[in-house]
Amino acid sequence: DAGITQSPRHKVTETGTPVTLRCHQTENHRYMYWYRQDPGHGLRLIHYSYGVKDTDKGEVSDGYSVSRSKTEDFLLTLESATSSQTSVYFCAISQRGPSSGNTIYFGEGSWLTVV
Amino acid sequence: DQQVKQNSPSLSVQEGRISILNCDYTNSMFDYFLWYKKYPAEGPTFLISISSIKDKNEDGRFTVFLNKSAKHLSLHIVPSQPGDSAVYFCAASPLSNTGKLIFGQGTTLQVKP
C-alpha cells in the first residue's frame, strides 16, 4: 500500500463550521490530489498540487481551498461546510502527472457528514 | 458535462465467465486511460492502464481495449472470480498532463459463485 494517511477518517460537523482534512504521504511524490466520491458521480477532482505551494483547481473546487506547505502534507479546507459537501473524500498521490506509465495511488478515504 | 461515462451502473456475471465493463469518453485530448477497482470502505486501487498509442493492454486476467475512433474503452475480466466483485472506475488523462485525471461514474460488478 502506498504510504498515504488521511485524517480524520470520520467526521460529523454542523453547517457553517470550518473543516480541514489532512493528507500525509511518506512516498515523497510530487503530485497530490483531493477527490470526492458521490453516488452517480464517481470520483471528482476538487484540487490538486504539483509541488509545494503549487496548486490548481479541479472539476468541483467551489467551496474548497487547499494548501501544501510541505511535500508530505496536503490540506483540504471547507471554509463553511454545507450539506452538499457531505461526501467521502479521497486523497491521492503520484510521482508525476497522470500520463503513460504513471499511476495515482489513493488513500483510504475520509467520511464527512455535514448536518 | 460528463467527459468520461460509464453507462452501466451495475453488471452481474457468473463465476468463470467473462466480465466486460465499458467506458466512453468525449474529449479527444485524452491520451491515457486507467481502470481502478474499489471495495466498500476502501480507497480505489489501480488495476490496469493503456496509452492512446496502443489498442490493447493485458495483465493476467485483465485486458483493456481502446477504440480511439469510437472514443470507447472496455475492460475484460476472464475468468471472473467472486473476489472481483467491486466497483470499477475508468479514468482518463488529457495530453497536456495537467494532473487532472477524470473519472467515470463507476460500474458495480457482482460475480456470482
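Quick look at the structure, then. (Residues numbered from 1 in each chain as written. Chains lettered and ligands numbered in written order. Predicted model: local features only at pLDDT ≥ 70, side-chain atom pairs only at ≥ 80, totals over all residues. Heavy atoms only, no water.)

## Overview of the nonpolar core
In summary, soluble globular proteins display a tendency toward joint burial of nonpolar side chains.
Residue and element names in this part refer to chain B.
Moving on, step 1. Counting residues in hydrophobic clusters, the biggest one holds 24 residues, and the most contacted among them are Val4, Phe33, Trp35, Leu73, Leu75 and Tyr88.
Moving on, step 2. For this core, the element with the highest residue contribution is strand β9 (residues 86-94), accounting for four residues.
Moving on, step 3. When sequence neighbours within four positions are dropped, the list of residues in contact with Phe33 reads Tyr25, Ile48, Ser49, Ile50, Leu66, Leu73, Ala91 and Ala92. (Core = buried A, V, L, I, M, F, W, Y, C linked by side-chain atoms within 4.5 Å. Buried < 20%, exposed > 50% of the residue type's maximum accessible area, 1.4 Å probe, protein only. Helix = DSSP H or I, 4+ residues; strand = E, 2+ residues; numbered from the N terminus. Contact = heavy atoms within 4.5 Å.)

## A closer look at the sheet that holds strand β3 (residues 19-25) of chain B
Residues and elements named next belong to chain B.
Moving on, step 1. The sheet built from five strands is open, its strands ordered β1-β3-β8-β7-β6 with antiparallel pairing. Strand pairing shows two members of the sheet lacking a second neighbour, β1 (4-5) and β6 (56-59), which therefore form its edges.
Moving on, step 2. Where β1 meets β3, two bridges bridge the pair, whose relative direction is antiparallel. Counterpart to Lys5 in the pairing with β3 is Asp24. (Pairing = 2+ DSSP bridges.)

## What about the sheet that holds strand β8 (residues 73-78) of chain A?
All names here are of chain A.
Moving on, step 1. Taken in spatial order, the four strands of this open sheet run β1-β3-β8-β7, and their pairing is antiparallel. Lying at the two open borders of the sheet, with one neighbouring strand each, are β1 (4-7) and β7 (64-70). The average undirected angle you get between the axes of adjacent strands in this sheet is 15 degrees.
Moving on, step 2. Pairing of strand β3 (residues 19-25) with β8, which is carried by six bridges, proceeds in the antiparallel orientation. Bridge assignment links His24 to a residue of β8, and that residue is Asp73. (Axes fitted to C-alpha atoms, helices over the stretch in contact; angles between N-to-C directions.)

## Structural notes on unusual backbone geometry
In terms of backbone geometry, most residues other than glycine have negative phi values and most peptide bonds are trans.
Moving on, step 1. The residue after Ser7 of chain A, namely Pro8 of chain A, is reached through a cis peptide bond having omega -10 degrees.
Moving on, step 2. Among the secondary structure elements, Pro8 of chain A is positioned in the loop between β1 and β2 (10-13).
Moving on, step 3. The omega torsion of the bond from Val78 of chain B to Pro79 of chain B falls at -10 degrees, within 30 degrees of zero and hence cis.
Moving on, step 4. Along the chain, Pro79 of chain B turns up in the loop between β8 (72-77) and β9.

In short, the description is geometric, and any link to function would need to be established separately.
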